[in-house]
Amino acid sequence: MASKRQIHVGGVPIGGGAPVVVQTMTKTETANLQATMTQIRKVAEAGADLVRVAVPRDEDVEALRTIVRESPIPVIADIHFNHTLALKAIDAGAHCVRLNPGNIGGPEKVAEVAERAAAAGTPMRIGVNSGSLPRHLHALERENPVEALVTAATEFVALMERLRFEDFKVSIKSTNVPNTIAANRLLSERIEYPLHLGITEAGTRWSGSLKSAVGLGTLLADGVGDTIRISLSTFHAEEEVKVAWEILKALQLRERGPVLIACPTCGRLQFDMDTVVTDIERRLEAYEDPIEVAVLGCAVNGIGEASHADFGITGARNEGLIFSRGKPLRKVPQDQLVDALFAEIDKYATSKRIDVDAREAAVGAEWLARIEEENAGELTPERLAAMEADAADDEAADARLVSAIAPEPVRLDEAASPVQGRRFSRT
Ligand code: SF4
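This is a predicted model, so every value here is computed, not measured. (Residues numbered from 1 in each chain as written. Predicted model: local features only at pLDDT ≥ 70, side-chain atom pairs only at ≥ 80, totals over all residues. Heavy atoms only, no water.)

Student: Can you tell me about the overall build of the chain, naming the residues and giving the values?
Tutor: Each helix and strand counted, the chain has 14 helices and 17 strands in total. When the backbone C-alpha atoms are referred to their principal axes, the chain occupies close to 80 × 50 × 35 Å. Scored against the burial criterion, the 427 residues of the chain give a buried share of 50%. Split by element, the accessible area of the chain, about 20100 Å² in all, is 51% carbon and sulfur. (Helix = DSSP H or I, 4+ residues; strand = E, 2+ residues; numbered from the N terminus. Buried < 20%, exposed > 50% of the residue type's maximum accessible area, 1.4 Å probe, protein only. Areas by Shrake-Rupley, 256 points an atom, 1.4 Å probe, with all protein chains shown as cover.)

Student: Please provide a residue-by-residue account of the site of the ligand, values included.
Tutor: The environment of the ligand is made up of Cys263, Pro264, Thr265, Cys266, Arg268, Leu269, Gly297, Cys298, Asn301, Thr380, Pro381 and Glu382. Taken together, the residues that form the shell around the ligand break down as six nonpolar, four polar and two charged. (Near = heavy atom within 4 Å. Nonpolar A, V, L, I, M, F, W, Y, C, P; charged D, E, K, R; others polar.)

Student: Outline the packing of helix H6 (residues 145-162) against helix H7 (residues 177-190), supporting the account with residue identities and numerical values.
Tutor: Closest axis-to-axis distance for the H6/H7 pair is 9 Å, and the angle between their directions is 40 degrees. Taken together, H6 and H7 sit at an angle that is classed as oblique. When the axes of H6 and H7 are compared, the crossing they make is right-handed. The residues of H7 that touch H6, namely those facing Pro145, Val146, Glu147, Leu149, Val150, Ala153 and Thr154, are Asn179, Ala182, Ala183, Leu186, Leu187 and Arg190. For the contact of H6 with H7, the class distribution of residues is nine nonpolar, two polar and two charged. (Axes fitted to C-alpha atoms, helices over the stretch in contact; angles between N-to-C directions. Parallel < 35°, antiparallel > 145°, perpendicular 65-115°, else oblique. Left-handed = near helix turned anticlockwise from the far one by under 90°. Contact = heavy atoms within 4.5 Å.)

Student: Describe the pairing of strand S15 (residues 327-333), with residues and values.
Tutor: Looking at chain direction, strand S14 (residues 319-324) and S15 are connected through six bridges and run antiparallel. Looking at S15, one finds that Gly320 is bridged to Val332. Connecting S14 to the antiparallel partner S15 that follows it, the hairpin turn spans two residues, and Arg325 within it adopts a positive phi of roughly 45 degrees. (Pairing = 2+ DSSP bridges.)

Student: Could you give an account of the sheet that holds strand S10 (residues 227-228), with specific residues and numbers?
Tutor: Reading around the barrel, the eight strands line up as S3-S4-S5-S6-S7-S8-S9-S10 and close back on themselves, with parallel pairing between neighbours. By the bridge criterion, three bridges tie strand S6 (residues 96-99) to strand S7 (residues 124-129) in an arrangement that is parallel. Opposite Arg98, over in S7, you have Arg125 as the bridge partner.

Student: How would you summarise the nonpolar core if you had to cite specific residues and measurements?
Tutor: Core analysis: the largest hydrophobic core is formed by 77 residues, its most contacted members being Leu64, Ile79, Val97, Met124, Phe168 and Val170. In terms of residues, this core owes the most to one element, H6, which gives ten residues. Beyond its immediate stretch of four places on either side in the chain, Val97 contacts Ile76, Ala77, Ile79, Ala86, Ala89, Ile90, Thr122, Pro123, Met124 and Arg125. (Core = buried A, V, L, I, M, F, W, Y, C linked by side-chain atoms within 4.5 Å.)

Student: I'd like to hear about the packing of aromatic side chains, residue by residue, with values.
Tutor: Overall, the coordinates contain three aromatic pairs when judged by the stated rule. A ring pair is formed by Phe311 and Tyr348, whose centres lie 5.8 Å apart and whose planes are at 70 degrees; its orientation type is edge-to-face. Within this pair, whereas Phe311 is found in strand S13 (residues 311-316), its partner Tyr348 is found in helix H11 (residues 337-351), the two being separated by 37 residues in sequence. Here Phe311 matches Tyr348 in class, with each residue buried. Over the aromatic face of Trp245 sits the side chain of Arg256, whose NZ or CZ is 5.7 Å from the ring centroid. In this structure, Arg283 packs its charged tip against the face of Phe342, placed 4.3 Å from the ring centre. (Phe/Tyr/Trp six-rings, centres within 6.5 Å; stacked < 30°, edge-to-face > 60°. Lys NZ or Arg CZ within 6 Å of the ring centre and 35° of its normal.)

Student: Talk me through the pairing of S14; I want residue IDs and the actual numbers.
Tutor: Along S14, five of the six residues are buried, which leaves the element largely enclosed by surrounding structure. Across five bridges, S13 lies against S14 in antiparallel orientation. Paired with Ala316 across the strands is Glu319, a residue of S14. From the end of S13 to the start of S14, which pair antiparallel, there are two residues, and Arg317 there has a positive phi angle of about 50 degrees.

Student: Describe the pattern of salt bridges, and please don't skip the residues or the numbers.
Tutor: Summed over the entire model, instances satisfying the criterion amount to 29 salt bridges. The partner of Arg283 in a salt bridge is Asp279, with the nearest N and O atoms 3.9 Å apart. Linking Arg283 with Asp279, this pair stays in helix H10 (residues 273-284), spanning four residues, or about one helical turn. For Asp279, a relative accessible area of 22% puts it in the partly exposed group. Linking Asp355 and Arg353 is a salt bridge whose minimum nitrogen-to-oxygen distance equals 3.0 Å. Exposure remark for Arg353: the relative accessible area of 52% places this residue in the exposed category. (Salt bridge = Lys/Arg side-chain N within 4 Å of Asp/Glu carboxyl O.)

Student: How would you summarise the confidence of the model for the chain if you had to cite specific residues and measurements?
Tutor: Of the residues in the chain, 92% have a pLDDT of 70 or more, and the chain-wide mean is 90. Here residues 410-427 is modelled with pLDDT under 50, and outside its nearest four sequence neighbours on either side it reaches 34 contacts, counting other chains as well. (pLDDT = per-residue confidence, 0-100.)

Student: Describe H7, with residues and values.
Tutor: Counted at 1.5 Å a residue, the expected span for H7 with its 14 residues is 20 Å, and the 20 Å between its end C-alpha atoms agrees. All of the buried residues along H7 are Val177, Asn179, Thr180, Ile181, Ala183, Asn184, Leu187 and Ser188. The secondary structure elements touched by the buried residues of H7 are H6, strand S8 (168-173), strand S9 (195-197) and helix H8 (205-221). Sitting at the amino-terminal end of H7 is Asn176, which places a side-chain oxygen 2.9 Å from the backbone nitrogen of Asn179. (Expected span 1.5 Å × (residues − 1). Polar contact = N/O pair within 3.5 Å; in protein donor to acceptor, adjacent residues only side chain to side chain.)

Student: Requested: an account of the sheet that holds S15, with residues and values cited.
Tutor: Strand order across the open sheet formed by five strands is S11-S12-S13-S14-S15, with mixed pairing between neighbours. Where the open sheet ends on each side, the last strands, each with one partner, are strand S11 (259-262) and S15. On average, adjacent strands in this sheet sit at an angle of 20 degrees to one another, irrespective of strand direction. Inspection of the sheet shows strand S12 (residues 292-295) paired to S13 by three bridges, in the parallel sense. The residue bridging Val293 from the neighbouring strand is Phe311, located in S13. On the sheet, H11 packs against S12, S13, S14 and S15 and is oriented at approximately 160 degrees with respect to S13. Helix H12 (residues 358-374) contacts S13, S14 and S15 of the sheet and is inclined by roughly 85 degrees relative to S15.

The structure is reproduced here in structure tokens:
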């Protein structure tokens, strides 16, 4: 369940019902001011609400004062093992300090940091990692790793409360996705503090994004988690931010920029979707409106599947259609589809209105109706899915589905499309 308490990191609310906060971590040597500030500006532009920097040495904490002053977003200092650096980071104006109470040198050192943080009004993130649990929990860890993680976290929470410091969020992280899910679910029932979610050392851009989407997405869908970081093995921290946003957008927890939907393609494909979708996705990054843009590989199904999209394209033969919210806008030659789509999106970005030219729309509608009619018998994935849905609660529809998918003779259609090369159709 969502955390009851709320903290503020440099003015960004976390927990207590605030929108889920996106954060990332720079991959530069923090003391390299130029490289660090360049990366911070990039991640801020990509949509990071907060950024964390590693502070392992004195020269990093010295750079921190400038970073805090120049950063467009609040800065969290990441400290391990050395409580003196934590004290200095607070003095340097860090908006938050992240530390693991288990590796900072004992409760007295934690107390010293908590006292300084309280005086400065600096919140903390207290983190527990599966790889560094306190010694007395090692036996429990072998027996029940989830309970061991949660116990470590609640012991640290109890320590902070004894120190009368309650301005913190908590993270428990593991490389193991099921354990991360189970531990955070359990922890959210036991404490009221905001939770930071992440999968430790998730992996490459591809595998790490998937693991994070599964782990964090499951928790966020349950309402667990107040801030997230996607840990990817890439030097480009902005990639982590983009993945975080895609997870939040997919769950409709936050909006940022356009959402692209695209059909999976099949043998009816009428244009080079790979290139077109990649191109559209890249160009959409420049837009701020949270519009939905659909790309359908063919017009065989009409545009029903994407009727909710603000803008979309589909094609057939050498032509294509720009549509909007279920209605044709205009027909264009297929090689102009993408540019024509962006011309409409540009108009919308300026006027916040969808312009419809009645004559162009009528031509598009006529073209679409013809394509639909010509392909009325095609069993597309979308039509099969719709029939399956019908069949689930309608016996008559079930019988129609069975007869529709029964084997029938096929012939090679001579009028195959140039993209498909050939097409089989029912006789
Ligand atoms: S039938 Fe559906 S999946 Fe296949 S290309 Fe057309 S829109 Fe895409």
